[in-house]
Amino acid sequence: MALVVFLYVSSQPTSADIVASSLLQLASQLEGRVVFPEDSDFGDAAKVWREDVVANNPPLAIIEAFSEQDVQLVVPVLANLFQQYDIPFRIRSGGHNKAGFSTTGGIILSLKQMRKVDLLLQNETFPNELTPQPTTKVVVASVQPGATVEVVLDNILAQGGAGGTVGICGNVAEGGFVLGGGIGFMSRSLGLGIDNVLGFRV
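Please read these numbers as outputs of a predicted model, since none were measured by experiment.

What counts, and at which threshold
- Residues numbered from 1 in each chain as written.
- Predicted model: local features only at pLDDT ≥ 70, side-chain atom pairs only at ≥ 80, totals over all residues.
- Heavy atoms only, no water.
- Pairing = 2+ DSSP bridges.
- Helix = DSSP H or I, 4+ residues; strand = E, 2+ residues; numbered from the N terminus.
- Axes fitted to C-alpha atoms, helices over the stretch in contact; angles between N-to-C directions.
- Contact = heavy atoms within 4.5 Å.
- Expected span 1.5 Å × (residues − 1).
- Buried < 20%, exposed > 50% of the residue type's maximum accessible area, 1.4 Å probe, protein only.
- Arc of directions from axis to C-beta.
- Salt bridge = Lys/Arg side-chain N within 4 Å of Asp/Glu carboxyl O.
- Core = buried A, V, L, I, M, F, W, Y, C linked by side-chain atoms within 4.5 Å.

1. Describing the sheet that holds strand 3 (residues 89-92)
No. 1: Taking strand neighbours across the sheet as the criterion, the four strands line up as 1-2-4-3 in an open arrangement whose pairing is mixed. Both outer strands of the open sheet, strand 1 (33-35) and strand 3, are each paired with one neighbouring strand and no more. When strand polarity is set aside, the average angle formed by the axes of neighbouring strands in this sheet is 20 degrees.
No. 2: Taken together, the three bridges between strand 1 and strand 2 (residues 61-64) define a ladder with antiparallel strand orientation. Bridge pairing in strand 2 places Val-35 opposite Ile-62.
No. 3: Contacts from helix 1 (residues 15-27) reach strand 1, strand 2 and strand 4 (107-110), with the element oriented near 15 degrees to strand 2.
No. 4: Across the face of the sheet, helix 4 (residues 68-85) comes into contact with strand 2, strand 3 and strand 4 while running at roughly 165 degrees to strand 4.

Written as structure tokens, this is what we have:
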């Protein structure tokens, strides 16, 4: 007597399959790019200050946005993947978070390439309550979230001859710095980074 056993193998797609399918469709619409673990430069794209966090829980993919339009296209896709399949995502500006919040085992939307700094007003005079002088001359700049302390100071010091409340480490990006409140060397005299923000474009 022979015993015949039928084995059924589930064809359910994995999280990696779902991510690859969704993001490959998205990639053709982006100015930026999508980086997968099998790509040769994935290690560089995934790198953050806390390297041990990435080693223990590498992301499924990294989307490098080059423009605001890229971000507008990517965020609804990430939200849908989270709602439909419980695939987490993180939005990263510079990757300098000490607690490791700059990465995830899901998908990363990296704003590291959005580093533009534009001077909008230079040497304008405004009332200032933080110094004994009744007014002070300031520089107003538009700063993208991936611009690091070095980039911001290089641009503002070189073009406007002014400084401000920025991060203490040169590779801290403005996006995470400001959203975390923003403590820097100039905070005692000029306030937190967030205190110096006139507006956001989301």
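2. Re helix 1
No. 1: Spanning 13 residues, helix 1 covers 18 Å between terminal C-alpha atoms, matching the ideal 18 Å at 1.5 Å per step.
No. 2: Buried residues of helix 1: Ile-18, Val-19, Leu-23 and Leu-26, and no others. Around the axis of helix 1, the buried residues are gathered within 105 degrees of arc, so they sit on the same side. In this structure, helix 1 carries Leu-24 and Gln-25 as exposed residues pointing more than 90 degrees from its buried face.
No. 3: Packing partners of the buried residues in helix 1 comprise strand 1, strand 2, helix 4 and strand 4.

3. Some words on the pattern of salt bridges
No. 1: All told, the structure shown has four salt bridges when counted by the stated rule.
No. 2: As a salt-bridge pair, Asp-41 and Arg-33 come within 2.6 Å of each other at their nearest N and O atoms.
No. 3: Given a relative accessible area of 32%, Arg-33 falls into the partly exposed group.
No. 4: Among the ionic pairs, Glu-68 bridges to Arg-201, the shortest N-O distance being 2.8 Å. Here the residue Glu-68 occupies a position in helix 4, and Arg-201 occupies one in the segment after helix 7 (187-190), the gap between them amounting to 133 residues.
No. 5: With a relative accessible area of 31%, Glu-68 lands in the partly exposed category.

4. A look at the nonpolar core
No. 1: Ranked by internal contacts, the top residues of the largest apolar core, which has 18 residues, are Val-19, Leu-23, Ile-63, Val-74, Ile-107 and Leu-109.
No. 2: Residue assignment for this core shows that the elements contributing at least two residues are helix 1, strand 2, helix 4 and strand 4.
No. 3: Sequence-distant contacts of Ile-107, defined by excluding residues within four places in its chain, comprise Val-19, Leu-23, Ala-61, Ile-63, Leu-78, Leu-81, Ile-87, Pro-88, Phe-89 and Arg-90.
No. 4: Judged by nonpolar contacts, the second largest core, of ten residues, contains Ala-147, Val-149, Val-151 and Phe-177.

Shape is all these values report; function is a separate question.
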